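If you want the building blocks of each chain, they are given just below.
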Amino acid sequence: MTRASDLPASRGSLRDEAAEWFAVMRGPDAEARRADFEAWLDEGALHREAYNRIAETFSLGKALKNADFSAHNPARAPAVPKGTIGRMALIAALLAFAAVGAVMIWAVLTPNQAFRPGSTLAQGNGEVPQQRLATRFGEIRQFRLADGSIATLDTDSLLLASFSIERRDLTLVRGRARFAVAHETRPFLVAAGGGSVKAVGTVFDVGLTVGGRVDVRLLKGAIEVAVESRTNRGEPVRRLVTGQALSFGGSAQPRISILGKTGDANWPAGLRDFDGVRVADVIADANRYASVPLRVATPDIANARISGTFRVDESVTLAANIADVLGLAQVTDADGIALVRTCPPSTEKNCRPPS
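Not measured: the values here are computed from a predicted model. (Residues numbered from 1 in each chain as written. Predicted model: local features only at pLDDT ≥ 70, side-chain atom pairs only at ≥ 80, totals over all residues. Heavy atoms only, no water.)

A. Inspection of the overall build of the protein chain at higher detail. Each helix and strand in the protein chain was counted, giving seven helices and 20 strands. A buried classification covers 41% of the 355 residues belonging to the protein chain. Considering only residue pairs separated by 6 or more positions, the protein chain has 47% of its internal contacts joining residues 24 or more positions apart. A total of about 18,700 Å² of accessible surface is found on the protein chain, and carbon and sulfur atoms cover 53% of it. (Helix = DSSP H or I, 4+ residues; strand = E, 2+ residues; numbered from the N terminus. Buried < 20%, exposed > 50% of the residue type's maximum accessible area, 1.4 Å probe, protein only. Contact = heavy atoms within 4.5 Å. Areas by Shrake-Rupley, 256 points an atom, 1.4 Å probe, with all protein chains shown as cover.)

B. View of the confidence of the model for the protein chain. Predicted confidence across the protein chain gives a mean pLDDT of 77, with 70% of residues reaching 70 or more. Of all helices and strands in the protein chain, the one with the weakest mean pLDDT is helix α4 (residues 83–109) (47), whereas strand β6 (residues 176–180) scores best (97). Contacts of residues 1–12 to residues separated by more than four positions or lying in other chains number 28 contacts, the stretch itself having pLDDT below 50. Within the model, the stretch residues 98–125 combines pLDDT values under 50 with 44 contacts to residues more than four positions away or in other chains. (pLDDT = per-residue confidence, 0-100.)

C. Representation of the pattern of salt bridges in the model. On inspection of all chains with the given rule, the structure shows 21 salt bridges. Notably, a salt bridge pairs Arg136 with Glu139, separated by 3.8 Å at the nearest N-O pair. For Glu139, a relative accessible area of 15% corresponds to the buried category. The shortest N-O distance in the salt bridge between Arg176 and Asp264 comes to 2.7 Å. With a gap of 88 residues between them, Arg176 in strand β6 and Asp264 in the loop between β14 (252–258) and β15 (271–278) connect regions that are remote in the sequence. (Salt bridge = Lys/Arg side-chain N within 4 Å of Asp/Glu carboxyl O.)

D. The sheet that holds strand β18 (residues 329–333), seen in detail. Read across the open sheet, the four strands follow the order β16-β19-β18-β20; overall the sheet is mixed. The open sheet has two edge strands with one neighbour each: β16 (294–296) and β20 (351–352). The pairing of β16 with strand β19 (residues 336–340) spans three bridges and is classified as parallel. Across the sheet, residue Leu294 finds its bridge partner in β19, namely Ile337. Across the sheet, helix α7 (residues 315–326) is in contact with β16, β18, β19 and β20; its angle to β19 comes to roughly 5°. (Pairing = 2+ DSSP bridges. Axes fitted to C-alpha atoms, helices over the stretch in contact; angles between N-to-C directions.)

E. Molecular detail of the nonpolar core. Within the largest apolar cluster, 30 residues are counted, with the highest numbers of intra-cluster contacts made by Leu170, Phe179, Phe188, Phe204, Val206, Ile223 and Val225. Leu294, Phe310, Val312 and Leu318 belong to the second largest nonpolar core, which has 19 residues in total. (Core = buried A, V, L, I, M, F, W, Y, C linked by side-chain atoms within 4.5 Å.)

F. The arrangement of unusual backbone geometry in detail. The residue Asp156 is not glycine, and still its phi comes out positive at about 50°. By secondary structure assignment, the location of Asp156 is in the loop between β3 (150–153) and β4 (158–163).

G. Structural view of the pairing of β4. Judged from the six bridges that link them, β4 and strand β5 (residues 168–174) form a sheet pairing that is antiparallel. Looking at the pairing, Ala161 lines up with Leu170 of β5. Counting the residues between successive antiparallel strands, the hairpin from β4 to β5 contains four residues.

If you want it as structure tokens, here you go:
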């Protein structure tokens, strides 16, 4: 009985044998060699798997390269040349497609592939394995998802994304994210803290706070928020429209509110709009990003109120701005920057007096 290794083409790897048999079974001698081919397949599961991979690679290569031959419509496929030259040409094409296919599969299926700003995950066959998007302490970063949506993560945030042919599933594990959702038929679902947000094409924020509360804020479009209640699992879905917010989880009951003028609408740019906010609260917000932490020396400074637009992701600049507005001094030491009324005598070298 003739084996694949008896064929005049490349001997050696099982993949080469499978490619040779694939060429034979698409050629004019297919019926005459069918018994030998089936006997080769019967030698084991590895043979069948190798042959199936070659067939799949052939189809992938057609899609990638717009090849002139057809695996699914023999009537329209050009005839395979008789003889060894024609067979070897097809085998060479198959092996080339196999190399291309391997690169594509690696690009799509590499686990825990890092996202880069502005990058797009390849979708391959429409399904992308779960991806892990994360930001470090003090970092605000933008990610482009496989469907073209944009996810912006706030400092120290973690988001898991898993896209399939039927839906787009994301889970906010910690921190805060803004989603600019690409409009398409698949639902875009974000799970967080016992609830989920469903969107199609819209812009919204989802944030997890200390104590387990979830804050959902809608900046554009419409979303549906389903909240899992401990006392009533049949609680209705709430629909939000532009300018509305919903908080749930923790000790608070779910409630819809109006955003009005949101002080942190520009948080992806590191900006905050403060209107009569306590200095202590401004500093607490800034210290979520700060490599140089800020603090206040006395309660009266902590309770002083401030208004204006400030960068909270640059603590040194923020300290200088607050000091200028309130006429305070700044003491720099190993623990960061302290806002004080006047420079103590012992800190003259490390103190910037009020301007």
